Amino acid sequence: MTVRLLPRSRVNYTWKRLVGSLFVREKSVYCKRLKRLLAQYFGVADVVLTSSGRNSLFLLLSYLHHKKVIVPSYTCKAVTEAALMAGKQVVYVEVSLEDFNILPEKLVHLVDDDSIVIATHQYGNPCRIEEICDICRKAGALVIEDCAASLGTVYNGKLTGLFGNYAFFSFVDLNWANWKATIAKWNTDFAADAAELHAIEQHVMECRIPGIRFRLKHTVIGMIYLVLRNKIIYRIFHYVTMQRKGKAQLDDKHALNLVPDDYYRYRMAAWQAYMAIPQIEILPELIERRKMMYHYYDEHIRNTRVLRKPVVCSEACCIKYAILVKDKKRFYDACLEKGVDMAFSFSYTVCPRSCEHASDIAAEVLNIPFYWGLREKDMERVVSIINWLAAEIGR
């Protein structure tokens, strides 16, 4: 076993910025500045800031009167949790085995005028959003785009998040900060008027501003993430917290959690906006870097009998590179021995067993290292190990 372990993810902020956030006062202008930057990027009048992606969804669903929420069978369980806590009936729709997104043809017979469809752009690959919106428009249903993974993804020349009635985005999977600084966006193409945006914002303002205890806790966590950029320290951390316990991830709870926690209690604080602003300011550079890494992997990783690469969309800005692997546990353990960690995002489902595609994806999916600070030589090593292991296991 190698001493160094390449992390599955890394944060993208500095010690200076993190320490500086401790001195940001709540009445400062950072939230307004972040709102302005994001509104300019999307070309809309305004956006609403919230504390987390799941809170964005929960607040939107709580605001809307529709009773039925249609959710992709393969998605983060937090989507289902937010819908249930908002008092909605959850219905699952099957996804594609190719891009893990909703199959519109399966949606047609599920929607009615009392429905809200969560159109997820899984891992950043765009779903067939125009078809989904057309189906929902004819049925009188609403569309909320789940863009937690697709900030910067374009579909048919238009940014994801600008198709449905509403959309929400997440900053956390872009490794900008360890806290979940996210936004919910109102879409002027479908919503009635600016009064609705004001009503949604007032709904969000009912959440509390996080206190000093929360702030210090997450600052310490942020410091830990910065330390874990070191491969030797990360190896020790991984062994102590996961490997020796037989765990593949820190949070391995598979059951639904319907008790509101910190993700839902707060609205975005000024110090969180302060952490996000530098990343928004270099968003075009971040997007191009992600596209470059994605295409590098696609060009060099080989499809085999035991490994399948994800789909490639030239306009996508993916937050993960998700491979499908037979005998996933054996493959992952071998990668750990060689010094490469991988993530188990959405490796279990909460949908009915009848959703076979979702179960098949969850059983095989692995997310290889894919983040801003990943160097070219690290990418070469990842590719080399993956191709060698896929060939060995496939014999």
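Refer to the preceding data block for the structure.
What counts, and at which threshold
- Residues numbered from 1 in each chain as written.
- Predicted model: local features only at pLDDT ≥ 70, side-chain atom pairs only at ≥ 80, totals over all residues.
- Heavy atoms only, no water.
- Disulfide = S-S within 2.5 Å.
- Patch = residues over 30% accessible without salt bridge, like charges linked within 9 Å, V, L, I, M, F, W, Y side chains within 5 Å.
- Areas by Shrake-Rupley, 256 points an atom, 1.4 Å probe, with all protein chains shown as cover.
- Salt bridge = Lys/Arg side-chain N within 4 Å of Asp/Glu carboxyl O.
- Helix = DSSP H or I, 4+ residues; strand = E, 2+ residues; numbered from the N terminus.
- Buried < 20%, exposed > 50% of the residue type's maximum accessible area, 1.4 Å probe, protein only.
- Contact = heavy atoms within 4.5 Å.
- Right-handed = clockwise from strand over helix to strand, strands pointing away.

Moving on, we get to the state of the cysteines. Under the definition given, this model contains zero disulfides. Just so you know, C133 is unpaired, no disulfide at all, and the nearest cysteine sulfur is the one on C136, 6.7 Å from it. Unpaired in terms of disulfides, C207 finds its nearest cysteine sulfur in C31, a separation of 13 Å.

Let's shift gears to a nonpolar patch on the surface. A contiguous nonpolar patch, built from W15, V19, L22, F23, I212, L216, V227 and I233 and spanning about 740 Å² of accessible area, is present on the exposed surface. Of all elements in the fold, only α1 (15-21) and α8 (212-227) reach the threshold of two or more residues within the nonpolar patch. One can find I233 in helix α9 (residues 231-241).

Take the environment of I118 next. With respect to the element layout, I118 can be found in strand β4 (residues 115-120). Of the residues examined, I118 reaches a relative accessible area of 0% and is grouped as buried. Between the alpha carbons of I118 and P72 there is a distance of 7.1 Å; along the sequence they are 46 residues apart. Apart from residues no more than four positions distant in its own chain, I118 is found in contact with L57, V69, I70, V71, P72, V79, I102, I144 and D146.

So, on to the pairing of strand β3 (residues 89-93). The buried fraction of β3 amounts to four of the five residues, a majority that puts the element mostly inside the structure. For the handedness criterion, the β-α-β arrangement of strand β2 (residues 68-72), helix α4 (residues 77-85) and β3 is classed as right-handed.

So far we have only geometry, and geometry alone does not tell us how the molecule works.
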